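Structural description and commentary
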Amino acid sequence: MTEPRGPVDSSRVPRFAGPATFARLPRLDEVGRCDVAVVGVPFDSGVSYRPGARFGPSAVREASRLLRPYHPGLDVSPFAAVQVADAGDIACNPFNIGEAVETIEDAATRLQEDGARLVTIGGDHTIALPLLRSLAKRHGPVAMLHFDAHLDTWDTYFGAEYTHGTPFRRAVEEGILDTEAVGHVGTRGPLYGKQDLDDDRRLGFGIMTSADVMRRGVDEIVDALRQRIGDRPLYLSIDIDVLDPAHAPGTGTPEAGGLTSRELLEILRGLAGCNLVGADVVEVAPAYDHAEITAVAASHVAYDLVSLLALSGPAQEAR
Ligand SMILES: N=C(N)NCCCC(=O)O
Ligand SMILES: [Zn+2]
Ligand SMILES: [Zn+2]
């Protein structure tokens, strides 16, 4: 195996120079293959309130220029441990949600063909459904931890089945989630009715609310999550609105009373050693952001996700 090609060296080329790839990593076409691909999905036709998450991938790439190659919290140099590359954006139809969902599933499936694992940057939360579909083809139903202010297990909006508030109901209906091990973390805020919680429970989800995280603390939450997940193939879906609007103002459906970025990052780090097979960070809407607060938070979340994936080494196919 040849040594992974890492990011542009920010001590030689100023980090504000040149085009932005995630963390200044090489593009996938420059390295041919990779173990972990960061891919953007600039799609926001599934939103129910403020639009703009289509600009999420480029904002997160811009904000990721300041990332550095060693992660002290996880004791890993992710870009040296495995080949990480920026796979660019999946170009999908903004005028046809059904077609976009198919395009995303096909593109994600192709990217994972040689064993690469994906960290996907959205885009709105609709995109989690085709990403889970592509994973289920490879792994069968996967466990999932869903970090979000919202349940995203609603049935339809205006009769539409594919929206950013409905991906996980579709996923359970399709049998692509392992309902023995699915849970929301960070939920809060008003619902349409009590029935939302009954429906969610019936679908199989457990809930750690934002208030639970505050009251029980990060370590206890991590223990409980790890127990539920075990060594199942695990997907992490992270809606940036899980963070309090103070930590992530640039998002489409903000809710007061959320996690701090410190809490989110520490919970993620607590999942080191889990059998992570893929992850997303969604719902960054830069038009509502200030001083890149949200894009910086999302870039650090994505860096932690890449680092978690790097801990388990190169793709099987590359060994
Ligand atoms: N941000 C996500 N994914 N979903 C929010 C749906 C909230 C609603 O309009 O009811
Ligand atoms: Zn949300
Ligand atoms: Zn969501």
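Numbering of residues begins from 1 in every chain and follows the order in which that chain's sequence is written. Following the order in which they are written, the chains are lettered starting with A and the ligands numbered starting with 1. Restriction of local features to residues with pLDDT of at least 70 applies here, the model being predicted, together with a cutoff of 80 or more for giving and counting side-chain atom pairs; totals for whole chains, interfaces and linings are based on all residues. Note that water and hydrogens are dropped before the side-chain values are worked out from all heavy atoms of the structure.

Quick notes on the coordination of the zinc ion (ligand 2)
Within the protein, the zinc ion (ligand 2) binds to Asp 148 (OD), His 150 (ND1), Asp 239 (OD), Asp 241 (OD) and Asp 241 (OD); these donor distances fall in the range 2.1 to 2.5 Å. Water is not part of the atom set, so a site may look incomplete; the donors themselves are N, O and S atoms within 2.8 Å of the metal, or 3.2 Å for Na, K and Ca. Mapped onto the sequence, the residues coordinating the zinc ion (ligand 2) show the spacing D-x1-H-x88-D-x1-D. The metal-metal distance between the zinc ion (ligand 2) and the zinc ion (ligand 3) is 3.2 Å, with Asp 148 coordinating both. Of this pair, His 150 sits in the loop between strand S4 (142-147) and helix H6 (167-173) while Asp 241 sits in the loop between strand S7 (234-239) and helix H10 (261-269), placing them 91 residues apart in sequence. Like Asp 241, His 150 is buried. The helix count covers DSSP runs of H or I at least four residues long, the strand count covers runs of E at least two residues long, and both are numbered beginning at the N terminus. With a 1.4 Å probe rolled over the protein chains alone, any residue whose accessible area is under 20% of its type maximum counts as buried; one over 50% counts as exposed, and the rest are partly exposed.

Remarks on the site of ligand 1
The criterion for a residue being near a molecule or strand is simple. One of its heavy atoms has to lie within 4 Å of it. What surrounds ligand 1 is the set Ser 48, His 125, His 150, Asp 152, Tyr 157, His 164, Tyr 192, Asp 239, Asp 241, Thr 253 and Glu 283. Any N or O atom pair separated by 3.5 Å or less is treated as a polar contact, with the protein-specific requirement of one donor-capable and one acceptor-capable atom, and with residues adjacent in sequence counted only for side-chain atom pairs. Glu 283 has a polar side-chain atom sitting 3.4 Å from a nitrogen atom of ligand 1. Burial of ligand 1 by the surrounding chains reaches 92%, relative to a free accessible area of 310 Å². Nonpolar residues are Ala, Val, Leu, Ile, Met, Phe, Trp, Tyr, Cys and Pro. Charged residues are Asp, Glu, Lys and Arg, and all others, Gly as well, are polar. Tallied by class, the residues present in the shell around ligand 1 amount to two nonpolar, five polar and four charged. We get accessible surface area from the Shrake-Rupley algorithm with a probe of 1.4 Å; when it comes to residues, only the shown protein chains can shield them.

Focus: the side chain of Thr 21
Considering the arrangement of structural elements, one finds Thr 21 in the segment before helix H1 (28-31). For Thr 21, a relative accessible area of 16% translates into the label buried. There is a polar contact of 2.6 Å between the side chain of Thr 21 and the backbone oxygen of Leu 25. What makes two residues a contact is simply this: any of their non-hydrogen atoms within 4.5 Å. Dropping the residues within four chain positions of it, Thr 21 is found in contact with Arg 27, Arg 61, Ser 64 and Asp 86.

Re empty space enclosed by the protein
Using only the protein atoms, space was sampled on a 1 Å grid; points where a 1.4 Å probe fits but cannot get out form cavities, open sets with protein on both sides within 12 Å along at least five of seven lines form pockets, and lining residues are those with an atom within 4 Å of a point. Grid points are joined across faces, edges and corners, and a volume is the space filled by probe spheres set on the points. For the structure shown, the criterion picks out two cavities of 30 Å³ or more. Roughly 50 Å³ of volume is contained in the largest cavity. For the lining of the largest cavity, the elements supplying multiple residues, two or more each, are strand S3 (117-122), helix H5 (128-139) and strand S8 (276-282). Along the lines of polarity and charge, the residues of the lining of the largest cavity split into six nonpolar, four polar and no charged. In this structure, the second largest cavity encloses a volume near 40 Å³.

Quick look at the coordination of the zinc ion (ligand 3)
The coordination sphere of the zinc ion (ligand 3), as far as protein atoms go, consists of His 125 (ND1), Asp 148 (OD), Asp 152 (OD) and Asp 239 (OD), spread over 2.0 to 2.2 Å. Read in sequence order, the donor residues for the zinc ion (ligand 3) give the motif H-x22-D-x3-D-x86-D.

Digging into the sheet that holds strand S5 (residues 177-187)
Two strands pair under a simple rule: DSSP has to find at least two bridges between them. The strand order across the open sheet built from eight strands is S2-S1-S3-S8-S7-S4-S5-S6, with neighbouring strands paired in parallel fashion. Each end of this open sheet is capped by a strand with a single partner; those strands are strand S2 (84-89) and strand S6 (206-209). Adjacent strand axes in the sheet meet at a mean angle of 15 degrees when their direction is disregarded. Strand direction decides the pairing type here: strand S1 (residues 36-41) and S3, joined by six bridges, are parallel. Across the sheet, Val 38 pairs through a bridge with Val 119, a residue of S3. Note on method: axes are straight lines fitted to C-alpha atoms, helices fitted across the in-contact stretch only, with angles between N-to-C directions ranging 0 to 180 degrees.

Details of the layout of surface pockets
Its boundaries defined by the atoms lining it, the largest pocket holds a volume of some 300 Å³. Along the walls of the largest pocket sit 20 residues, with Ser 48, His 150, Tyr 192, Thr 253 and Glu 255 positioned nearest its centre. Considered class by class, the residues forming the lining of the largest pocket number nine nonpolar, five polar and six charged.

Quick word on the pairing of S3
When you tally the buried positions in S3, you get six out of six residues, the bulk of the element. Alternating positions in S3 separate into two faces, Arg 117, Val 119 and Ile 121 on one and Leu 118, Thr 120 and Gly 122 on the other, with burial throughout. For S3 and S8, the ladder comprises four bridges, and the chain directions are parallel. Across the sheet, the residue bridging to Val 119 is Ala 279, located in S8.

A closer look at the UniProt feature "binding site: Mn(2+)" (unreviewed entry) in the chain
UniProt positions are given in the numbering used here, feature names are shortened, and annotations may be inferred rather than shown by experiment. The UniProt feature table records "binding site: Mn(2+)" (unreviewed entry) at His 125, Asp 148, His 150, Asp 152, Asp 239 and Asp 241. For the annotated residues, spread through 117 residues, the largest C-alpha to C-alpha distance comes to 12.1 Å, consistent with a single compact locus. The annotated residues contributing to the lining of the largest pocket are His 150, Asp 152, Asp 239 and Asp 241. With respect to the helices and strands, the residue His 125 is situated in the loop between S3 and H5. With residues near it in sequence (within four places) discarded, His 125 still touches His 146, Asp 148, Asp 152, His 164, Pro 167, Phe 168, Ser 237, Asp 239, Asp 280, Val 282 and Glu 283. Assignment of secondary structure puts Asp 148 in the loop between S4 and H6. In terms of polar contacts, Asp 148 uses its side chain to reach the side chain of His 125, at 3.1 Å.

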